[in-house]
Amino acid sequence: MAHIRQNQRVMTLIGTIMAQFALGSVYTWSLFNSGLAEKLHEPVNQVAFAFGLLSLALAVASSISGKLQERFGVRNVTIAAALLMGAGLMLTSMSSNLWSLYLCAGIILGFADGTGYLMTLSNCVKWFPECKGLISALSIGAYGLGSLGFKFINMYLLNHFPLAQTFQIWGVICLLIILVGGLMMVDAPTSEQASANNNTTATSSDNFTLAQSMARPQFWMLAVIFLTVCMSGLYVIGVAKDIGTNLIHLSLATATQSVAVIALANLLGRLILGVLSDKMARIRVVSIALVLSLIGISLLLFGATSDVSFYIAIGCIAFSFGGTITVFPSLVSDLFGMNNLTKNYGAIYLGFGLGSLGASMVSSLLGGFIPTFYLILSLLVLSLVLSLLVHKPSAVESFSYHDQTLQHAQ
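Notes on the structure in this doc start here. Remember, it's a predicted structure, so these values are computed and weren't measured experimentally. (Residues numbered from 1 in each chain as written. Predicted model: local features only at pLDDT ≥ 70, side-chain atom pairs only at ≥ 80, totals over all residues. Heavy atoms only, no water.)

### Quick word on the packing of helix 6 (residues 132-160) against helix 14 (residues 307-336)
Okay, step 1: Relative to each other, helix 6 and helix 14 sit at 140°, their axes nearing to 8 Å. Compared by their axis directions, helix 6 and helix 14 come out oblique. Between helix 6 and helix 14 lies a crossing of right-handed hand. Between helix 6, through K132, G133, S136, A137 and I140, and helix 14, the contact on the second element is made entirely by I325, T326, P329, S330, S333 and D334.
Okay, step 2: A per-class count over the contact of helix 6 with helix 14 returns four nonpolar, five polar and two charged. (Axes fitted to C-alpha atoms, helices over the stretch in contact; angles between N-to-C directions. Helix = DSSP H or I, 4+ residues; strand = E, 2+ residues; numbered from the N terminus. Parallel < 35°, antiparallel > 145°, perpendicular 65-115°, else oblique. Left-handed = near helix turned anticlockwise from the far one by under 90°. Contact = heavy atoms within 4.5 Å. Nonpolar A, V, L, I, M, F, W, Y, C, P; charged D, E, K, R; others polar.)

So this is what it looks like as structure tokens:
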């Protein structure tokens, strides 16, 4: 039995890494904005809004993927995500106006990506309770590498095929990779099952339902922290080149190098902080990440006057963002248990989409980079304080009547 379990979790890890790599390809979307704008005869910024919708749909799908896994199993849901992603890209190739683009590339593609991303990640982490940080780093690192790897794949396709055919080939590649990865996956045992197999004792009080988690301040403290880090990371990553040219007054060529700096820092953050989170308290790792993000935002506001200081600033923010989203699944499981990780983290993960859209809206309403940076700076200070106050909910305390009512309703 132990040998079978070991094979199942190794195969699940390999399948998860494959799926994550293909799912991460959506972050090459900027390569297609100009071509789609020309095809649809629309402004680039309106075409680019499709990616904002994708981010929101991704977050919403992530929040409900736990329910889907409970009903259909990780393998079936991953296969469905593969088919939906392939269909989304195929339909995108046939989009003839903005509304069809928003539906296909925004809603459908984002929903497919979000369904596969968080569910496969959480399931894989549950298989390796002894090294959750490392597994998160490997899985989310594969997601990040997918954006880098498919940058070269999609650039090659764009250089050798028409736009529509490029979307179709991209869709087929992702469909096949995720499909094979999904077939390798097995649902992780619950913590009670795992404990029984290891002849140890587990109590259900260690595993909070979503309703029970949301009834505790720790859940909302983590939600604020996660939203803040996503807001700072996604906003700066999305407009880094423009910050370099318009705010720091760098040349276009110098500012464009920020893309490589961000990609490297993001990947290093995922790997370094992910591994570090197995060596020390994960909430302290998040505190370190918040300090780095504070340094980065402060440099952009008060000290970035050269290309070096600009690269350091965006590097700190990208490192913090990559590391935080790697550590968070394991952190949520530390506080609220493994059994309902997908649902508990899924609800918090809504901050990914809200942070992405929120920062863009604030920037538009308040008039540019500086006011948005001040807002992010304030939220980072608040989040740092919250990270120092977060502690594990007591496993022995009895749930209130309100908790039980929520659980029953759920």
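Having put the structure on the table, let's press on.
### Here's the deal with a nonpolar patch on the surface
Okay, step 1: The grouping of L264, L268, L271 and I272 at the surface amounts to a nonpolar patch, some 340 Å² of accessible area in total.
Okay, step 2: As for its placement among the helices and strands, L268 is situated in helix 12 (residues 258-276). (Patch = residues over 30% accessible without salt bridge, like charges linked within 9 Å, V, L, I, M, F, W, Y side chains within 5 Å. Areas by Shrake-Rupley, 256 points an atom, 1.4 Å probe, with all protein chains shown as cover. Salt bridge = Lys/Arg side-chain N within 4 Å of Asp/Glu carboxyl O.)

### Some remarks on the pattern of salt bridges
Okay, step 1: Per the counting criterion, the structure on display carries five salt bridges.
Okay, step 2: Residue D334 pairs with R282 through a salt bridge whose shortest N-O separation is 2.7 Å. Here R282 lies in helix 13 (residues 282-303) and D334 lies in helix 14, a separation of 52 residues in the sequence.
Okay, step 3: Looking at D334, the relative accessible area reads 24%, which means it is partly exposed.
Okay, step 4: Of the residues examined, R282 reaches a relative accessible area of 11% and is grouped as buried.
Okay, step 5: A single salt-bridge network, built from bridges that share partners, covers K132, D278, R282 and D334. (Buried < 20%, exposed > 50% of the residue type's maximum accessible area, 1.4 Å probe, protein only.)

### What to know about the packing of helix 10 (residues 217-247) against helix 13
Okay, step 1: Look at helix 10 against helix 13: their axes get within 11 Å of each other, and the N-to-C directions meet at 30°. When the axis of helix 10 is compared with that of helix 13, the two are roughly parallel. Remark: the crossing between helix 10 and helix 13 carries left-handed chirality. In this structure, helix 10 contributes L222, I225, V229, S232, V236, I243 and L247 to the contact, and helix 13 contributes I283, V286, L290, S293, I297 and L300.
Okay, step 2: When grouped by side-chain class, the residues that make up the contact of helix 10 with helix 13 number eleven nonpolar, two polar and no charged.

### Some words on the environment of N339
Okay, step 1: Structurally, the position occupied by N339 is in the loop between helix 14 and helix 15 (341-348).
Okay, step 2: The exposure class of N339 is partly exposed, given its relative accessible area of 22%.
Okay, step 3: Considering only alpha carbons, one finds N339 and L377, 38 residues apart in sequence, at a separation of 35 Å.

### Observations regarding helix 12
Okay, step 1: With 19 residues, helix 12 extends 26 Å between its outermost C-alpha atoms, agreeing within 8% with the 27 Å of an ideal straight helix rising 1.5 Å per residue.
Okay, step 2: Here helix 12 has its buried residues at S258, I262, A265, N266, G269, R270, L273 and G274. Relative to the axis of helix 12, the buried residues are bounded by an arc of 140° and lie together on one face.
Okay, step 3: Where the residues of helix 12 are buried, they touch helix 6, helix 10, helix 11 (252-256), helix 13 and helix 14. (Expected span 1.5 Å × (residues − 1). Arc of directions from axis to C-beta.)

### Section: the nonpolar core
Okay, step 1: In this structure, L222 and F328 are the most contacted members of the largest nonpolar core, which totals 108 residues.
Okay, step 2: Apart from residues lying up to four places away in sequence, L222 is in contact with I283, F328, L331, V332, L335, F336, I348 and V390. (Core = buried A, V, L, I, M, F, W, Y, C linked by side-chain atoms within 4.5 Å.)

### A few points about helix 10
Okay, step 1: Between the first and last C-alpha of helix 10 there are merely 38 Å, a value that for 31 residues lags more than 12% behind the 45 Å anticipated at 1.5 Å per step.
Okay, step 2: Along helix 10, the helix axis deviates most sharply at V239, where the bend reaches about 65°.
Okay, step 3: The first or second residue beyond helix 10 is H249, which carries a positive phi of 60°. (Bend = angle between axes of the 7 residues up to and from the residue.)

### A word on unusual backbone geometry
Okay, step 1: We note that H41 has phi near 60°; this positive angle belongs to a residue other than glycine.
Okay, step 2: For H41, a relative accessible area of 72% corresponds to the exposed category.

### Let's talk about the environment of I140
Okay, step 1: By the secondary structure assignment, I140 is in helix 6.
Okay, step 2: Look at I140 and you get buried, because its relative accessible area is 0%.
Okay, step 3: Spatially, the C-alpha atom of I140 lies 28 Å from that of S378, the residues being 238 residues apart in sequence.
Okay, step 4: Once you skip the residues sitting within four places of it in the chain, I140 turns out to touch Y117, L121, R270, I325, T326 and P329.

### Structural notes on the packing of aromatic side chains
Okay, step 1: Scanning the entire structure with this criterion turns up 25 aromatic pairs.
Okay, step 2: Between Y349 and F352, the aromatic rings sit 5.1 Å apart at their centres with planes inclined by 5°, giving stacked as the arrangement.
Okay, step 3: With relative accessibility at 2%, the residue F352 sits in the buried group. (Phe/Tyr/Trp six-rings, centres within 6.5 Å; stacked < 30°, edge-to-face > 60°.)

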